[in-house]
Amino acid sequence: MSNKDINNPAEYGSKKQERRTGDVLVYIFLVAGALTMIVPLWWMFVSSLKTPMQFLVQQLDLRIPEKPQWNNFVRIWSMKPLANGFFNSAFIAVTVVTVGTFTSSLAAFSFAKLRFPGKDRLFLALLGTMMIPFAIIMIPQFILYSRIGWLNTWYPLIIPGLLGNVSMIFFLRQYMNGIPSSMIEAARIDGAGYPLIFWKIMLPNAKPAIAAQAILWFMGSWNDYFAPSIYINDEKKMPIQVMIQSLNAYYAIQTDYPAILAASVVALLPVLIVFMIFQKQIIASVAMTGLK
């Protein structure tokens, strides 16, 4: 409290009341936003426990049915080879995120701390690719992949990701710019090369940002539907999201929506588990970024 506020208690009380009112409004806004996100997920879970007739009659009922149909989560495995779809999605996502995170970190380190001709122009050109919608390059990519024999394989979903992610490169480059260059200069004086500096200095210091971006990339890769639906037709190679869509195309005709929603709940679980395990890294990344 300042001397001015001490001399004028009425004005200080008014400011305190305004801050309290502002905090209440912010709290109400955050609660409303949380409910907006949680209610659809809860509706999906509750609807997956209904019979097809209950779903049609009580679509907007958010209460768990008196007799939950847990059998919906059992019989979906016989409708489609969902276990195979889980393996396909896990293999694609883990491979792309693991290798792609390493290459993206290397690129971010180069743009942040190394000096080479045309660095800024190359970085701007790389950022320019983020402005190109996938719908524009979809047909040229399809023609290219068809000519080199990549259709109906995992190569279009894996190989491009192994070379890095532009969004991750941008975020990590901004984060690594905040790491003191004096640490690199000291390591260079001690005789360390850039590979050792990257491994021993940059990666440990950028760990929260790398973890956060890797988690977000995993979630995006796991939930990707558009690209796999274009390139893959073989059911044995379909990721889980495309398999659920094929399940929807067949069983929606029979109005068996609870089974489709049960499959969606099961497909959502890995993403929720990963987020719950690594949420501290995401929060730490945001907090440390805000301090810089």
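Residues numbered from 1 in each chain as written. Predicted model: local features only at pLDDT ≥ 70, side-chain atom pairs only at ≥ 80, totals over all residues. Heavy atoms only, no water.

**Some words on the overall build of the protein chain**
Our working definition: To qualify as a helix, a DSSP run of H or I must reach at least 4 residues; to qualify as a strand, a run of E must reach at least 2; elements of each kind are numbered from the N terminus. Burial classes: relative accessible area under 20% of the type maximum marks a residue as buried, over 50% as exposed, and values in between as partly exposed (1.4 Å probe, protein chains only). Whether two residues are in contact is decided by their heavy atoms: any pair within 4.5 Å suffices. For the area figures, the Shrake-Rupley method with a 1.4 Å probe applies, and any residue is considered shielded solely by the protein chains shown.
The number of helices and strands found in the protein chain is 15 helices and zero strands. Counting across all 292 residues of the protein chain, residues that qualify as buried make up 35%. Sequence separation of at least 24 residues holds for 72% of the intrachain contacts in the protein chain that already meet a minimum separation of 6. When the accessible surface of the protein chain is totalled, it reaches about 17,700 Å², and 68% of it is carbon and sulfur.

**Structural notes on the packing of aromatic side chains**
Our working rule: Each aromatic pair joins two rings of Phe, Tyr and Trp (for Trp, the six-membered one) with centres within 6.5 Å, and gets the label stacked for planes under 30 degrees apart, edge-to-face for over 60, and tilted for any other angle. We call a charge positioned above a ring when the Lys NZ or Arg CZ atom is no farther than 6 Å from the ring centre and deviates by at most 35 degrees from the ring normal.
Going through the model one piece at a time under the given rule, you end up with 21 aromatic pairs. Here the aromatic rings of Trp 42 and Phe 45 are separated by 5.7 Å at their centres, their planes lie at 40°, and the arrangement is tilted. Taken together, the residues Trp 42 and Phe 45, both in helix 2 (residues 9-47) and three residues apart, mark about one turn of the helix. The exposure class assigned to Trp 42 is partly exposed, which follows from its relative accessible area of 36%. A residue is classified by how much of its surface remains accessible, and Phe 45, at 24% relative accessible area, is partly exposed. Summarising the aromatic geometry, the rings of Phe 91 and Trp 154 are spaced 5.3 Å apart at their centres and angled 35° between planes, so their arrangement reads as tilted. Of this pair, Phe 91 sits in helix 5 (residues 82-113) while Trp 154 is found in the loop between helix 7 (134-147) and helix 8 (155-162), placing the two residues 63 residues apart along the sequence. In this structure an aromatic cluster arises from ring pairing among Phe 142, Tyr 145, Trp 150, Tyr 155 and Tyr 231. Its end group placed over the ring of Phe 123, Arg 173 keeps NZ or CZ at 4.3 Å from the ring centre. Positioned above the aromatic ring of Tyr 194 is the side chain of Arg 188, whose terminal nitrogen or guanidinium carbon lies 4.5 Å from the ring centre.

**Examining the nonpolar core**
Using the following cut-off: By nonpolar core we mean a set of buried residues, namely Ala, Val, Leu, Ile, Met, Phe, Trp, Tyr and Cys, connected to one another through side-chain atoms within 4.5 Å.
Ranked by size, the top nonpolar core spans 59 residues in total, and within it Ile 76, Phe 109, Met 176, Ile 197, Met 202, Tyr 231 and Ile 240 carry the most contacts. With near-sequence residues (within four places) excluded, Met 176 lies in contact with Ser 105, Ala 108, Phe 109, Ala 112, Lys 113, Met 202 and Ala 206.

**A look at the packing of helix 5 against helix 12 (residues 207-222)**
Note the following rule: Only the stretch in contact is used when fitting a helix axis, every axis being a line fitted to C-alpha atoms; angles between N-to-C directions are given from 0 to 180 degrees. Handedness of a crossing follows from how the near helix is turned relative to the far one, being left-handed for an anticlockwise turn of less than a right angle and right-handed for a clockwise one. Classes in brief: Ala, Val, Leu, Ile, Met, Phe, Trp, Tyr, Cys and Pro nonpolar; Asp, Glu, Lys and Arg charged; the others, Gly included, polar.
Contact geometry of helix 5 with helix 12 gives a least axis separation of 9 Å together with a crossing angle of 145°. In this structure, helix 5 crosses over helix 12, and the sense of that crossing is right-handed. Contact residues: helix 5 offers Phe 86, Ser 89, Ala 90, Ile 92, Ala 93, Val 94, Val 96, Val 97, Gly 100, Thr 101, Ser 104 and Ser 105, while helix 12 offers Ile 210, Ala 214, Trp 217, Phe 218, Ser 221 and Trp 222. Each residue belonging to the contact of helix 5 with helix 12 can be placed in one class, and the counts come to 12 nonpolar, six polar and no charged.

**Re a nonpolar patch on the surface**
Stated precisely, the cut-off is as follows: To count toward a patch, a residue needs a relative accessible area above 30% and no salt bridge. Like charges then connect within 9 Å, nonpolar side chains (Val, Leu, Ile, Met, Phe, Trp, Tyr) within 5 Å. Counted as salt bridges are all cases of a side-chain nitrogen of Lys or Arg within 4 Å of a carboxyl oxygen of Asp or Glu.
Taken together, the side chains of Val 24, Leu 25, Tyr 27, Ile 28, Val 31, Leu 35, Met 37, Ile 38, Val 39, Trp 42, Leu 62 and Ile 64 make up a nonpolar region of the molecular surface, amounting to roughly 1,200 Å² of accessible area. Looking at the element boundaries, Ile 64 is found in the loop between helix 3 (52-57) and helix 4 (72-79). Taking relative accessible area as the criterion, Ile 64 reaches 43% and is therefore assigned partly exposed.

**Section: unusual backbone geometry**
With phi around 60°, Asn 152 is a residue other than glycine that occupies positive phi space. If you trace the backbone, Asn 152 turns up in the loop between helix 7 and helix 8.

**Re the pattern of salt bridges**
By the definition in use, this model includes one salt bridge. Among the salt bridges present, the one from Arg 63 reaches Asp 61, with a minimum N-O distance of 3.1 Å. Under the relative-accessibility criterion, Asp 61 is labelled buried at 17%.

**Let's talk about the environment of Pro 239**
With respect to the helices and strands, the residue Pro 239 is situated in the loop between helix 13 (226-231) and helix 14 (240-251). When its relative accessible area of 5% is taken as the criterion, Pro 239 is described as buried. The spacing of Pro 239 and Ser 229 is 10 residues in sequence and 9.1 Å in space, taken between C-alpha atoms.

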